[in-house]
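This is what each chain is made of:
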Amino acid sequence: MEGISEATSNGQQTSNAQSKIITCKAAVVWAPGEPFILEDVEVEPPHKMEVRIKILFASICHTDLSAWKGENELQRAFPRILGHEAAGVVESVGEGVEDMKEGDHVVPIFNGECGDCAYCHSEKTNLCNKFRVNPFKSVMVGDGRTRFSVVDRRNGERRPVYHFLNTSTFAEYTVVDFACVVKINPEAPLDKMCLLSCGISTGVGAAWNTANVTKGSSVAIFGLGAVGLAVAEGARLRGASQIIGVDINPDKFAKGREMGITDFVNPKECSKPANEIIKEMTKGGVDYSFECTGNLGVLREAFVSTHDGWGFTVVLGIHLSPRLLPLHPMELFDGRRIIGCVFGDFKGKSELPNIVDKCMKGEININLDGFITHELPFAEINRAFQLLEEGKSLRCLLHL
Ligand code: APR
Ligand code: ZN
Ligand code: ZN
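Just so it is clear, the model here is predicted, and its values are computed rather than measured.

Student: I tried to follow the overall build of the chain on my own but got confused; where do I start?
Tutor: What the chain contains, in helices and strands, is eleven helices and 17 strands. For the chain, whose C-alpha radius of gyration is 21 Å, the value lies close to the compact-globule estimate of 21 Å for 400 residues. When the backbone C-alpha atoms are referred to their principal axes, the chain occupies close to 70 × 40 × 40 Å. When burial is assessed residue by residue, the chain has 55% of its 400 residues classed as buried. In the chain, the share of contacts with a sequence separation of at least 24, taken over all contacts with a separation of at least 6, comes to 70%. Approximately 16,700 Å² of the chain is accessible, and the part contributed by carbon and sulfur atoms is 50%. Distance between charge centres in the chain, computed from 42 positive and 51 negative side chains, equals 2 Å.

Student: What is the right way to read the coordination of the zinc ion (ligand 3) from this model?
Tutor: For a metal with four donors in a tetrahedral arrangement, the ideal angle between donors is 109.5 degrees, while six donors in an octahedron ideally sit at 90 or 180 degrees. The protein atoms that coordinate the zinc ion (ligand 3) are Cys114 (SG), Cys117 (SG), Cys120 (SG) and Cys128 (SG), at distances spanning 2.3 to 2.4 Å. Each of the four donor atoms bound to the zinc ion (ligand 3) contributes to angles spanning 104 to 116°, and the resulting shape is tetrahedral. Between consecutive donor residues of the zinc ion (ligand 3), the sequence gaps follow C-x2-C-x2-C-x7-C. Given the relative accessible area of 10%, Cys120 is considered buried.

Student: How should I be thinking about the coordination of the zinc ion (ligand 2) in this particular structure?
Tutor: Looking at the zinc ion (ligand 2), the protein donor atoms are Cys61 (SG), His84 (NE2) and Cys198 (SG), and they sit 2.0 to 2.3 Å from it. The motif formed by the donor residues of the zinc ion (ligand 2), counted along the single chain, is C-x22-H-x113-C. Taken together, the residues span a long stretch of sequence, with Cys61 in the loop between strand E3 (50-59) and helix H1 (62-69) and Cys198 in the loop between helix H3 (190-193) and helix H4 (199-210) at a distance of 137 residues. The exposure class of Cys61 is buried, given its relative accessible area of 3%.

Student: Please clarify how the packing of aromatic side chains should be interpreted in this entry.
Tutor: As enumerated under the stated definition, the model contains eight aromatic pairs in all. With a centroid separation of 6.1 Å and an interplanar angle of 15°, the aromatic rings of Phe36 and Trp68 are classed as stacked. Taken together, the residues span a long stretch of sequence, with Phe36 in the loop between strand E1 (22-28) and strand E2 (37-43) and Trp68 in helix H1 at a distance of 32 residues. When its relative accessible area of 5% is taken as the criterion, Phe36 is described as buried. Between Phe170 and Phe385 the ring centres are 5.8 Å apart and the planes differ by 80°, which places this aromatic pair in the edge-to-face class. Here Phe385 lies in helix H11 (residues 381-389) and Phe170 lies in the loop between strand E7 (158-161) and strand E8 (173-177), a separation of 215 residues in the sequence. Looking at Phe170, the relative accessible area reads 0%, which means it is buried. Ring pairs connect the aromatic residues Phe36, Trp68, Phe170 and Phe385, which therefore count as one cluster. Note that Arg132 overlies the ring of Tyr119, its terminal NZ or CZ placed 4.7 Å from the centroid.

Student: So what exactly am I meant to see when it comes to the site of ligand 1 here?
Tutor: Neighbouring ligand 1 are 21 residues; His62, Thr63, Val227, Asp247 and Ile318 lie closest to it. The separation between an oxygen atom of ligand 1 and a polar side-chain atom of His62 is 2.5 Å. The backbone of Val227 places a nitrogen or oxygen atom 3.0 Å from an oxygen atom of ligand 1. Contact with the protein chains covers 87% of the free accessible surface of ligand 1, which is 730 Å². Secondary structure elements with two or more residues in the shell around ligand 1: H1 and helix H5 (226-237). Its residues placed into classes, the shell around ligand 1 shows nine nonpolar, nine polar and three charged.

Student: Hey, could you run me through the nonpolar core in this one?
Tutor: Soluble globular proteins tend to bury their nonpolar side chains together. Of all hydrophobic cores here, the largest spans 114 residues; its most connected members are Phe170 and Phe290. Here this core gets seven residues from one element, more than from any other, and that element is H5. Residue contacts for Phe290: discarding those within four places in its chain leaves Ala206, Ala207, Ala211, Val213, Val219, Ala220, Ile221, Phe222, Val231, Val314 and Leu316. Formed by ten residues, the second largest nonpolar core is a distinct cluster that contains Ala220, Ala274, Ile277 and Ala302.

Here is what the cut-offs are and how they apply
- Residues numbered from 1 in each chain as written.
- Chains lettered and ligands numbered in written order.
- Predicted model: local features only at pLDDT ≥ 70, side-chain atom pairs only at ≥ 80, totals over all residues.
- Heavy atoms only, no water.
- Helix = DSSP H or I, 4+ residues; strand = E, 2+ residues; numbered from the N terminus.
- Rg over C-alpha atoms; globule rule 2.2 N^0.38 Å.
- Buried < 20%, exposed > 50% of the residue type's maximum accessible area, 1.4 Å probe, protein only.
- Contact = heavy atoms within 4.5 Å.
- Areas by Shrake-Rupley, 256 points an atom, 1.4 Å probe, with all protein chains shown as cover.
- Lys, Arg positive; Asp, Glu negative; His and termini not counted.
- Charge placed at Lys NZ, Arg CZ, Asp CG, Glu CD.
- Donors = N, O, S within 2.8 Å, 3.2 Å for Na, K, Ca; no water.
- Tetrahedral: all angles 85-135°; square planar, octahedral: opposite > 155°, others 65-115°.
- Phe/Tyr/Trp six-rings, centres within 6.5 Å; stacked < 30°, edge-to-face > 60°.
- Lys NZ or Arg CZ within 6 Å of the ring centre and 35° of its normal.
- Near = heavy atom within 4 Å.
- Polar contact = N/O pair within 3.5 Å; in protein donor to acceptor, adjacent residues only side chain to side chain.
- Nonpolar A, V, L, I, M, F, W, Y, C, P; charged D, E, K, R; others polar.
- Core = buried A, V, L, I, M, F, W, Y, C linked by side-chain atoms within 4.5 Å.

This is the structure we're talking about:
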């Protein structure tokens, strides 16, 4: 195979005889906010219970944007390979991996599922004891090391490149734990399936699993990026009768209308807080609200926009500041509830294959195409980040 060197990695045992170090292109960030540099990185073969994937498509989620900027200082492990929304093909598997083989079509998942711990056995959570999402983790679970290395041009020395969100998909090849990769139907179009590995599953699942939106209900969605619009898709498919979109960027409204949003509020153009307008529009507040911006002020607006007695707020935005929830405990006595949501409360390995099949059969009618607003070659990753930062793209699909 092109690009594979002769050396094997540190005598590591793999079940695949042809598994060798691969030298390939990866988009490396050397310091917060610095442009991505397409470097020649060495990717080790998968160790025990790991899988090496050839990434074919990757898209950019807001969490990548935050990590690239180094918005949370605890997260500053550089050089790093970011990216967590992707699709590809298994290149090789490490010792002990039974459920996947070379050539299988897969999507990586940042919130892993080992299938064997108390959490994975519980119906109450989609977190896993060992492989759950952890933005502060930057090495493999097995040995606490990285599988990537690169030559530092400043001194000619080879150094490790850190992982991100269990996945690191801005690379032609990546290594992930078996728990963080899902085998899907080989007939499914991998470009669209890429979106199911984070944003769309997160948004749709928040409406279906976390909030359990019911027919005829009212919904307010704060932040109309891909995550917020995926919530709108989920709410529309559940038969919500009023779906209010809140965003400070009015360019998002046209797309929102396509995704089933019925009313729009632009807080920048309003003389009173969004929650007051929403309460007027809905006779007292929405049944469900979703916070998809990662802004604490917006989170409070979302919480108080719901109806007292039964209002339900789902937090999807990633909040990086050390500040705490902007609520007075007594406000919870008004009967409003609030909860966070990871990966739409789907158990990735057990449930995603079924969702893929249902999307293909049309049983789940998610407008995946509508979310892909741009497509670019991998080499233009910096441009793709710019598009998301400027609010011009929902998802820019990178072709690797
Ligand atoms: N009020 C309303 N809308 C806002 C505000 C605000 N104060 N600030 C930002 N927004 C809007 C932006 O205009 C944009 O349309 O929120 C949207 C965010 O969308 P994207 O940047 O595309 O982010 P997305 O990938 O959808 O992720 C949303 O979920 O997974 C998390 O980390 C992710 O926190 C992020 C959120
Ligand atoms: Zn994401
Ligand atoms: Zn587990």
